[in-house]
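Secondary and tertiary structure notes
Residue-level listing of the chains:
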Amino acid sequence: MSRSGRMLRELAGWVPPALARAFGRPAALFFHGVEPAIRDPRIQRNHHDAAQFRAIARTLKENFDVLPLAALGEVLKAPECHPRALFLMSDDGYANTLGVAADILEELRLPWALFVSTHHIDTGEWNPLTLARLFLFYAPDGRYLMPHIGAVEFAAQREAVASEFLERFKALAADKAKAALNAMLAALGQARLFELMERFPSERFLNWAQVRALQARGVEIGAHAHWHWPMNAAQSPDWLREQTRGARARIAEEIGNCRHFAYPFGNAHDVSSQAWQAVRDAGYEHAFTTLSGSLDGGANPWLLPRYGLGSQEANLAALVPLLRAGNGRLARWQNRLAG
Ligand SMILES: [Zn+2]
């Protein structure tokens with residue numbers, strides 16, 4: 001959770017929902033996977049506990065108008081006319097969106113969209129950040145030298161080492177990141193890796209037949225790039241084209257069409273000028289970041305704001321209208337990336 005996200009949640013605890021509602025503007029919210037139970041939150045960071053997710057979904061149902069993503073263009077034309085409009089979406093394409101999340105949302109009749117990373121749907125290969133976390137939390141104690149990242153030494157408390165290591169990892173160009181990831185997996189060892197992959201089935205991705213099954217149940221399918229990696233300034237133009245144009249072609253082939261995009265990670269340092277221009281040039285109508293804001297803030301339809309749902313959300317009815325507070329920062333960032 002970002003610093004501005006934490007501040008908003010704190011503030012939302014003090015604002016009466018009725019007052020916040022008066023400030024309402026349309027907004028986009030996202031989650032990742034939903035699991036019946038979380039075993040290790042250091043690894044299963046992308047998943048909501050099913051009971052907590054159900055409580056969040058019920059709050060959305062009771063307080064907002066959750067709309068299908070197909071209505072986004074209309075809402076953006078006159079945001080002030082849709083103060084309670086919300087768009088709900090899930091990123092990455094975890095198998096448990098079909099197994100758990102879809103049933104909960106269907107029961108409450110809440111429409112949602114799913115953004116899949118096509119390489120992972122094609123191959124079943126796990127999210128590189130999840131694999132890095134397996135190395136960081138389950139490799140034996142010791143000192144490791146990782147290509148393009150440097151030395152990492154594990155002692156008793158790994159959390160601080162892990163977060164610093166992951167920041168350096170995420171800054172790498174995709175080809176260097178793959179070399180570093182291979183070294184992490186080699187250090188972990190194949191037997192240990194297989195054992196951990198059995199232990200955390202939450203991290204498995206959908207296959208295309210399962211994505212089509214969700215589409216048949218009314219879920220709109222968008223692109224979350226090809227390989228799940230930041231589209232930051234370290235990446236090459238060819239790679240950005242594959243991430244945008246390539247992913248869209250792959251989804252069109254399997255699903256029929258693909259109009260929307262969501263940036264992996266999607267924070268200010270994960271999206272470059274070249275990245276959003278590649279998204280625009282690939283023919284997407286809209287794209288979502290993970291900066292806070294409401295859907296009337298800023299002008300660039302390929303850099304829309306979106307709020308990541310926390311594992312628990314006590315004051316969501318007050319928090320969503322307050323997302324507007326992020327629009328100034330969002331507009332300044334959009335301007336910086338425009339030039
Ligand atoms: Zn993602």
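Residues numbered from 1 in each chain as written. Predicted model: local features only at pLDDT ≥ 70, side-chain atom pairs only at ≥ 80, totals over all residues. Heavy atoms only, no water.

For the zinc ion, every protein donor is listed as Asp92 (OD), His224 (NE2) and His228 (NE2), and the spread of their distances is 2.0 to 2.1 Å. Read from N- to C-terminus, the donor residues coordinating the zinc ion fall into the pattern D-x131-H-x3-H. In terms of burial, histidine 224 and histidine 228 fall into one category: buried. (Donors = N, O, S within 2.8 Å, 3.2 Å for Na, K, Ca; no water. Buried < 20%, exposed > 50% of the residue type's maximum accessible area, 1.4 Å probe, protein only.)

Right, let's talk about the pairing of strand β1 (residues 27-31) for a bit. With 5 of its 5 residues buried, β1 lies for the most part within the structure. With burial as the criterion, each face of β1 is covered, one bearing Ala27, Leu29 and Phe31 and the other bearing Ala28 and Phe30. One ladder, built from 5 bridges, connects β1 with strand β5 (residues 85-92); its direction is parallel. Paired with phenylalanine 30 across the strands is methionine 89, a residue of β5. Of the strand pairs in this sheet, β1 and strand β12 (residues 307-308) are connected by 2 bridges, and their pairing is parallel. Looking across to β12, one finds that phenylalanine 30 is bridged to glycine 308. (Helix = DSSP H or I, 4+ residues; strand = E, 2+ residues; numbered from the N terminus. Pairing = 2+ DSSP bridges.)

Mapping serine 311 onto the fold places it in the loop between β12 and α14 (316-322). Given the relative accessible area of 47%, serine 311 is considered partly exposed. In this structure the C-alpha to C-alpha distance between serine 311 and asparagine 46, which are 265 residues apart in sequence, comes to 9.1 Å.

Position of threonine 244 among the secondary structure elements: in helix α12 (residues 237-255). On the accessibility criterion, threonine 244 (1% relative accessible area) is buried. If we skip the residues at most four places from it in the chain, threonine 244 touches Met231, Phe261, Ala278, Val279, Ala282 and Tyr284. (Contact = heavy atoms within 4.5 Å.)

Most often, soluble globular proteins keep nonpolar side chains buried together rather than apart. Counting residues in each nonpolar core, the largest one holds 103 residues, and the members touching the most others are Leu134, Phe135, Phe169, Met184 and Tyr263. With 8 residues, the top contributor of residues to this core is helix α7 (residues 128-138). Other than its neighbours up to four places away in sequence, phenylalanine 135 contacts Tyr144, Met146, Val152, Phe154, Arg158, Phe165, Met184, Ala187 and Leu188. Membership of the second largest hydrophobic core comes to 14 residues, among which are Leu72, Phe115, Ala262 and Leu295. (Core = buried A, V, L, I, M, F, W, Y, C linked by side-chain atoms within 4.5 Å.)

With the rule as written, the count across this model stands at 20 salt bridges. Where arginine 9 meets glutamate 313, a salt bridge forms, and the shortest distance between an N and an O atom there is 3.3 Å. Of this pair, arginine 9 sits in helix α1 (residues 3-12) while glutamate 313 sits in the loop between β12 and α14, and the two are 304 residues apart along the sequence. Overall, the relative accessible area of 11% leaves glutamate 313 in the buried class. Between lysine 77 and glutamate 74 there is a salt bridge whose closest N-O contact spans 2.8 Å. You can see lysine 77 and its partner glutamate 74 sitting in helix α4 (residues 72-77), 3 residues apart, about one turn around the helix. Taking the relative accessible area as the measure of exposure, lysine 77 reaches 64% and is therefore exposed. (Salt bridge = Lys/Arg side-chain N within 4 Å of Asp/Glu carboxyl O.)

Everything listed here is a matter of geometry and, on its own, says nothing about what the molecule does.
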